[in-house]
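# Examination of the molecular architecture
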2 protein chains.
Amino acid sequence: MQVWKDYQEKNKDRFLDELKDLLRIPSISANSANKEDMRKCAEAVKQRLLEAGAGKAEVMETAGHPVVYGEKIIDPSKPTVLVYGHYDVQPPDPLNLWTSGPFEPVVKDGKLYARGSADDKGQVYMHVKALEIMNKTNSQPTNIKFLIEGEEEVGSPNLEKFVADHKDLLKCDVILISDSAMISLDTPSMDIGMRGLAYIQVEVTGPSRDLHSGVYGGAVANPITMLARMIASCHDENNHITIPGFYDDVINVSDDERKMLGQAPYNENEYKADLGVQSLWGEKGFSTNERTGIRPTLELNGIWGGYIQEGAKTVLPSKAYAKISARLVPNQSSEKITAMMLEHFKKIAPEGVTVKAENLHGGEPYMTPIGSKGYQAASQAYETTFGKKPIPVRGGGSIPICTILERELGVKIVFMGFGLDSDNLHSPNEKFDLANFYKGIETIPYFHQFYAQQ
Amino acid sequence: MQVWKDYQEKNKDRFLDELKDLLRIPSISANSANKEDMRKCAEAVKQRLLEAGAGKAEVMETAGHPVVYGEKIIDPSKPTVLVYGHYDVQPPDPLNLWTSGPFEPVVKDGKLYARGSADDKGQVYMHVKALEIMNKTNSQPTNIKFLIEGEEEVGSPNLEKFVADHKDLLKCDVILISDSAMISLDTPSMDIGMRGLAYIQVEVTGPSRDLHSGVYGGAVANPITMLARMIASCHDENNHITIPGFYDDVINVSDDERKMLGQAPYNENEYKADLGVQSLWGEKGFSTNERTGIRPTLELNGIWGGYIQEGAKTVLPSKAYAKISARLVPNQSSEKITAMMLEHFKKIAPEGVTVKAENLHGGEPYMTPIGSKGYQAASQAYETTFGKKPIPVRGGGSIPICTILERELGVKIVFMGFGLDSDNLHSPNEKFDLANFYKGIETIPYFHQFYAQQ
């Protein structure tokens, strides 16, 4: 509607300034030192919701960081859309690789750089501003609720209980999530699936104390060497994962779906150039998009042990550690795979070392049906503002809370991600293209319109 | 001599207090933040030498940390002994594993705990106090010179030039080094060889930036996984090192020498219990003492990459690093093996990653002949104070400067190490048994006596 467009045009600089204010708050959920920043950020989100026209907004307690709830009910007989998002962000390290401060947002070449710009404050804020536009132009077609949590980046440990305890408050007809990416503004796409996650930490202990590598080297199993052997054994020569039973529950994607997913544009040379690699890597028999979309994977997220400062220290360390995670596809169970991984790493411990393994984080894979009312309304909204139908894709990332939201609230989820894969999520120099931010704000009201019309 | 024994008995508490003062100075050569502590420590060593009776003592400049030189010439016609040692120490981390501060020396159960207590301040101080005893009792049999450097723990980068520039000053008949261990006070032993060292750092780069492990995982080579594969490939199933040519220059030790070295007492159960391991590890076909003495080894000293803080971060990192060192045996060249290792790690880089490798530290292996005047005088000294002949052993550690000292000064080195393998060198809770400290002070004057008599 022209009135929406005009309102956004008149207020777009303020929208950006407000988002920048939100990005200045270092709401790092993983770091206990940022506890007060977390609360400050929750209060700011609540305040913005009220300003945007929410009839009610509250910071609500959990056993961890608080949840922000907001709502604008226009007519109980109309359909209700629940927007889920998160105000917490990933830790910004390694800090030295940022070209500007992670919590000092700056716009360069039309892109807004800051931790959380795309994941997920910027995308949450599209919905807050869409509410404002519809509200201030008296054209809100649906009831809208907001559930903005503060623990997504640490696995949403307290959200399940919160949702179960507040089913009435959160009652809705569809859930809308903008916490993922699209292919590009030229080629809009919508996620129809998210991979699950099983994230563990492995601790390998050799001798009970750090040793002099000259005095003991060669006579005692080195925990770093042993950990390396364990990691190296996790993929075979075709880069299949070797953990027994790992693929048991994977349902092979039909040729038809592979064909449909294969329509997403992909240019291998551009992909390689963007990542700065000479050649790609992955499971034999699958394309790059399949490797990141429909296949489970096992990645090393961190490793450490021994002397890691400047210079040389001739130590044979007592311990070495790794953070290891698997991405899971539909029908794989995070709990089952986590147990399998914990068991596997203990089982393959070489002689001379002992291995402890613990679960750090997890979430189930999720699929949303293309035929649903929600998906169709979103698809129509994209078509209206982009001039073309979005391509359905399987996203590689995980939003562990999806399965829980669907189960507790009994409704389907629609993913309207407006970020790009190249947004440096979880990396230094995270950014969000302003064109995507504004396009998102433009598209979201149409979703509500088409959804209300169905 | 009774007069030596009486002097030590009367002054032993002061000797210990003085050593504690020296240990309170955090002379960490690897850390540029400790530059002023290094100088303070050098000045303290100089002062102690003067107090002990040195006719001359100086702090002398190098391009790095200064060298302390001292001497007590009693008669130019008598033989001259050069004592080499170092006043620098290894970094104390990981700090959290120390039961008392690394630079707050304390005595517990007859053991002096502090970084540098055994390696090497405590052992250097035995020589300073031996000088004092001989000097104050007018019974010094030889001329004594001291060369106490501040860069041993970082590979003595400036000592070669210093020695070459000061050949006249350092002119001597034999070099005496106390920077290693003995088997025990019950079983005295003397090192007849030291292993060489080649220490490199490897950097593996995958994508040019840190990536989201969900969005890109499975499609791009993970540098941690690739580094693990490289490390795992460095030993075969018999724990032989697989780097081509690595063993080419190793001279197999004769059965006779193996038999002689085999006389050192060794109790596998005690060894395992001390290290807290269920089973030992090492190159097939060799005993534990052979693995650490006469065989070259390859050890991982450190590894890091990706997210290594608390909690879970789903990152596919851009880089992973390892510190890797080899211990070398006589006839292997540190330079040659270093070049071989640098080349090897670049060559085995898996597809999809690039590898950089750099030399950090190195030193040649060294052997000293049992038949030399110096060795025989030392052996006699041990026999006098311990009541039994020391067993000749091959030490696993490295004192890289040995080869250079021998070449530049044209004399042989004698190792009189009074530490124990269990002293936690380079580890948390480094200690030096006071019984060993005092036994060293008792034994050293006899070396000078017997050496002067030959």
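Residues numbered from 1 in each chain as written. Chains lettered and ligands numbered in written order. Predicted model: local features only at pLDDT ≥ 70, side-chain atom pairs only at ≥ 80, totals over all residues. Heavy atoms only, no water.

In the nomenclature of an unreviewed UniProt entry, chain A corresponds to Acetylornithine deacetylase/succinyl-diaminopimelate desuccinylase-like protein from the organism Pseudobacter ginsenosidimutans.

### Looking at the interface of chain B and chain A
Put simply, the test is: Here, residues are in contact when the closest pair of their heavy atoms is within 4.5 Å. Throughout, buried area stands for the accessible area (probe radius 1.4 Å) lost by two parts on being put together, summed over both. Put simply, a salt bridge is a Lys or Arg side-chain nitrogen that is within 4 Å of an Asp or Glu carboxyl oxygen. Polar contacts, as used here, are pairs of N or O atoms within 3.5 Å; protein pairs need one atom able to donate a hydrogen and one able to accept it. Residues neighboring in sequence count only if both atoms are side-chain atoms. For helices the rule is a DSSP run of H or I covering at least 4 residues; for strands it is a run of E covering at least 2, with both sets numbered from the N terminus onward. Side-chain classes are defined by residue name, with Ala, Val, Leu, Ile, Met, Phe, Trp, Tyr, Cys and Pro counting as nonpolar, Asp, Glu, Lys and Arg as charged, and the others, Gly among them, as polar.
Facing 85 residues of chain B, the contacting portion of chain A comprises 85 residues. Summed over the three residues of chain B that lose the most area to chain A, namely B:W281, B:I303 and B:K313, the buried surface amounts to 9% of that side. Across the contact surface, chain B and chain A share 2 salt bridges. The salt bridge partner of B:R209 is A:D274, with a shortest N-O separation of 3.3 Å. Counting across the chain B and chain A interface gives 46 residue pairs in polar contact (both at pLDDT 80 or more). For the side of chain B that touches chain A, the element with the most residues is strand β12 (residues 297-306) of chain B, which contributes 9 residues. In the side of chain B that touches chain A, the residues fall into 34 nonpolar, 34 polar and 17 charged.

### Some remarks on unusual backbone geometry
Residue and element names in this part refer to chain B. Note the threshold: With a 1.4 Å probe rolled over the protein chains alone, any residue whose accessible area is under 20% of its type maximum counts as buried; one over 50% counts as exposed, and the rest are partly exposed.
A cis amide bond links D93 to the next residue, P94, at an omega of 0°. For P94, the location among the structural elements is in the loop between β3 (80-86) and β4 (106-108). Of the consecutive residues D119 and D120, the connecting peptide bond is found in the cis state with omega at 5°. If you trace the backbone, D120 turns up in the loop between β5 (111-113) and α3 (121-136). One non-glycine residue with positive phi stands out, namely N429, at about 60°. Residue placement: N429 occurs in the loop between β19 (419-420) and β20 (431-433). Take N429: its relative accessible area is 14%, and that puts it in the buried class.

### Let's talk about the domain arrangement of chain A
Residue and element names in this part refer to chain A. Rules: Where each domain begins and ends is defined by an automated method or by a domain database.
Annotation of chain A at the domain level lists domain 1 (2-194 + 365-453) and domain 2 (196-250 + 296-362). A C-alpha centroid distance of 35 Å is found between domain 1 and domain 2. Here domain 1 and domain 2 share an interface that buries about 710 Å² over both sides, 59% of which is from carbon and sulfur atoms. In terms of surface lost to domain 2, no three residues of domain 1 exceed P365, S398 and P400, which account for 57% of the buried area on that side. For the pair domain 1 and domain 2, the number of links is 0 salt bridges. Scanning the region where domain 1 abuts domain 2 turns up 1 residue pair in polar contact (both at pLDDT 80 or more). Looking at the side of domain 1 that touches domain 2 residue by residue, the classes come out as 5 nonpolar, 4 polar and 3 charged.

### A closer look at the nonpolar core
Stated formally: The definition of a nonpolar core used throughout is a set of buried Ala, Val, Leu, Ile, Met, Phe, Trp, Tyr and Cys residues joined through side-chain atoms within 4.5 Å.
Formed by 64 residues in total, the largest nonpolar core has its most connected members in A:V202, A:I324, A:M341, B:V202, B:I324 and B:M341. Once residues within four sequence positions are removed from consideration, B:M341 is found in contact with B:A198, B:I200, B:I243, B:L298, B:I324, B:S325 and B:A326.

### Considerations on the sheet that holds β3(B)
All names here are of chain B. To keep things clear, this is the line we draw: Should DSSP find at least two bridges between two strands, the strands are taken to pair. Axis lines are fitted to C-alpha atoms, over the contacting stretch for helices. Their N-to-C directions set the angle, which ranges from 0 to 180 degrees.
Here 6 strands make up an open sheet; going across it, the order is β1-β2-β6-β3-β7-β18 and the pairing mixed. The sheet is open, and its two edges are formed by β1 (56-60) and β18 (413-415), each paired on a single side. Going across the sheet, the axis of each strand differs from the next one's by a mean of 20°, ignoring polarity. Across the sheet, helix α2 (residues 35-52) is in contact with β1, β2 (67-72) and β6 (143-149); its angle to β1 comes to roughly 170°.

### Quick word on the environment of A:I73
Residues and elements named next belong to chain A. In this fold, I73 is placed in the loop between β2 (67-72) and β3 (80-86). Judged by its relative accessible area of 36%, I73 is partly exposed. Once the C-alpha coordinates of I73 and A54 are considered, the two residues, 19 residues apart in sequence, prove to be 8.2 Å apart. Discounting residues that sit within four places of it in the chain, I73 has contacts with N143 and K145.

### Overview of the environment of A:V154
Residues and elements named next belong to chain A. Examined against the element boundaries, V154 turns out to sit in the loop between β6 (143-149) and α4 (159-165). Looking at V154, the relative accessible area reads 27%, which means it is partly exposed. As a C-alpha pair, V154 and S29 span 125 residues in sequence and 6.8 Å in three-dimensional space. Every residue in contact with V154, bar those within four places of it in the chain, is listed here: S29, A30, D88 and H361.

### Overview of the sheet that holds β5(B)
Residue and element names in this part refer to chain B. Here 3 strands make up an open sheet; going across it, the order is β4-β5-β20 and the pairing antiparallel. Strands at the two margins of the open sheet, each flanked by one partner only, are β4 and β20. The mean inter-strand angle of the sheet, taken between neighbouring strand axes irrespective of direction, is 30°. Alignment of β5 against β20, held across 3 bridges, turns out to be antiparallel.

### So, the packing of aromatic side chains
Geometrically, a pair of aromatic rings is defined through the distance of the ring centres and the angle of the planes. All names here are of chain A. Keep this limit in mind: Each aromatic pair joins two rings of Phe, Tyr and Trp (for Trp, the six-membered one) with centres within 6.5 Å, and gets the label stacked for planes under 30 degrees apart, edge-to-face for over 60, and tilted for any other angle.
Throughout the structure, instances matching the rule amount to 24 aromatic pairs over all chains. On the basis of an interplanar angle of 55° and a centroid distance of 5.3 Å, the ring pair of F437 and Y438 is categorised as tilted. As far as burial versus exposure is concerned, F437 and Y438 are alike and both buried. The rings of W4, Y446 and F450 are connected pair by pair, giving a single aromatic cluster.

### What about a negative patch on the surface?
So the rule is basically this: Excluding any residue in a salt bridge, patches collect residues exceeding 30% relative accessible area, merging like charges within 9 Å and nonpolar Val, Leu, Ile, Met, Phe, Trp and Tyr side chains within 5 Å. Using a 1.4 Å probe, the Shrake-Rupley method yields the accessible areas, and only the shown protein chains count as cover for residues. Charged residues are defined here as Lys and Arg on the positive side and Asp and Glu on the negative side; His and the ends of the chain fall outside this count. By convention, the charge on Lys lies at NZ, on Arg at CZ, on Asp at CG and on Glu at CD.
On the surface, A:D6, A:E9, A:D13 and A:D17 cluster together to form a negatively charged patch. Overall, A:E9 belongs to the exposed group, its relative accessible area being 52%.

### Let's talk about the UniProt feature "domain: Peptidase M20 dimerisation" (unreviewed entry) in chain A
Rules: UniProt positions are given in the numbering used here, feature names are shortened, and annotations may be inferred rather than shown by experiment.
The UniProt feature table records "domain: Peptidase M20 dimerisation" (unreviewed entry) at residues 193-352 of chain A. Structurally, residues 193-352 of chain A comprises 28% helix and 22% strand, and the distance from its first C-alpha atom to its last is 43 Å.

### A word on the side chain of A:Q332
All names here are of chain A. Note that Q332 resides in the loop between β14 (319-328) and α10 (334-347). According to the relative accessible area criterion, Q332 is buried, its value standing at 3%. A distance of 2.9 Å separates a polar side-chain atom of Q332 from the backbone nitrogen of V329.

### Quick look at the packing of helix α11 (residues 373-386) of chain B against helix α13 (residues 434-453) of chain B
To characterise two packed helices, one gives the angle between the axes of the helices and the distance between these axes. Residues and elements named next belong to chain B. Rules: Each angle gets one of four labels, with under 35 degrees taken as roughly parallel, over 145 as roughly antiparallel, 65 to 115 as roughly perpendicular, and the rest as oblique. Here a crossing is called left-handed whenever its near helix is offset anticlockwise from the far helix by less than a right angle, and right-handed whenever the offset is clockwise.
Where α11 contacts α13, the axes come no closer than 8 Å and their chain directions differ by 135°. In this view, α11 runs oblique relative to α13, as classed from their interaxial angle. In the crossing of α11 with α13, the sense of the turn from one axis to the other is right-handed. Residues K373, G374, A377, A378, Q380, A381, Y382, T384, T385 and F386 of α11 touch α13, and the partners they reach there are K439, E442, T443, Y446, F447, F450 and Y451. Taken together, the residues that form the contact of α11 with α13 break down as 9 nonpolar, 5 polar and 3 charged.

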